[in-house]
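# Fold and contact review
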Amino acid sequence: GLSKLCDKYEVLREVRGKGLLIGLEFQPTPARLQTHWKEMDSSRMNSYLIPNLDAMLDSVSALYVMNTLLQEHHIYAQTTRSNPRVLRVEPPLTISAEEVARFLTAIEACCQEADYTNNMMGGIIAKSGLGQHQASEQGKQVQGTPRPVV
């Protein structure tokens, strides 16, 4: 079940654990998205106002899946304290086959949404003025114009 999802979705990195104590490790948020989110803050104050901003940006996929599981599917899971990219799943000993199937369906839907969102945002940043800080440099190199000397 879960290990097949790692092959299917880019956001999932690894499934760990034994028995009913399961850890789903998510890939770090793509660097282009992290860079863009940081660049959107023109005041550069977010890093001072938001504790552990880099760790939070790095674990956006895991946080998204955790919140979506709870709010849309009514399934409680939590990220681990030692690694915020790992989603800790601890079902009760009395879990039924139907509940396992419901969880697998829910986690697959969440991973599909997270994959889609990461790819969509990456495409938007690359194709629009939102990613000017990266796209302008790439455009200069592609067009063959010399880079400005600083």
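Here the structure is a predicted model, which is why all the values come from computation and not from measurement.

## Quick notes on the pattern of salt bridges
- Enumeration over the complete set of coordinates arrives at seven salt bridges.
- The closest approach of N and O atoms between Lys-8 and Glu-108, which form a salt bridge, is 2.7 Å. Taken as a pair, Lys-8 in helix α1 (residues 2-8) and Glu-108 in helix α6 (residues 97-127) lie far apart in primary sequence, 100 residues in all.
- Judged by relative accessible area, which is 53%, Lys-8 ranks as exposed.
- Among the charged side chains, a salt-bridge network with shared partners connects Arg-13, Glu-14, Arg-16, Glu-25, Asp-58 and Arg-85.

## Some remarks on the environment of Thr-80
- Looking at where Thr-80 falls in the secondary structure, it is placed in the loop between β3 (78-79) and β4 (86-89).
- Its relative accessible area of 18% is what places Thr-80 among the buried residues.
- Between the alpha carbons of Thr-80 and Gly-23 there is a distance of 8.5 Å; along the sequence they are 57 residues apart.
- If near-sequence neighbours (up to four positions away) are discounted, Thr-80 is found in contact with Val-86 and Arg-88.
- Polar contacts involving the side chain of Thr-80 include one to the main-chain carbonyl oxygen of Asn-83, which spans 2.6 Å.

Cut-offs applied
- Residues numbered from 1 in each chain as written.
- Predicted model: local features only at pLDDT ≥ 70, side-chain atom pairs only at ≥ 80, totals over all residues.
- Heavy atoms only, no water.
- Salt bridge = Lys/Arg side-chain N within 4 Å of Asp/Glu carboxyl O.
- Helix = DSSP H or I, 4+ residues; strand = E, 2+ residues; numbered from the N terminus.
- Buried < 20%, exposed > 50% of the residue type's maximum accessible area, 1.4 Å probe, protein only.
- Contact = heavy atoms within 4.5 Å.
- Polar contact = N/O pair within 3.5 Å; in protein donor to acceptor, adjacent residues only side chain to side chain.

So far we have only geometry, and geometry alone does not tell us how the molecule works.
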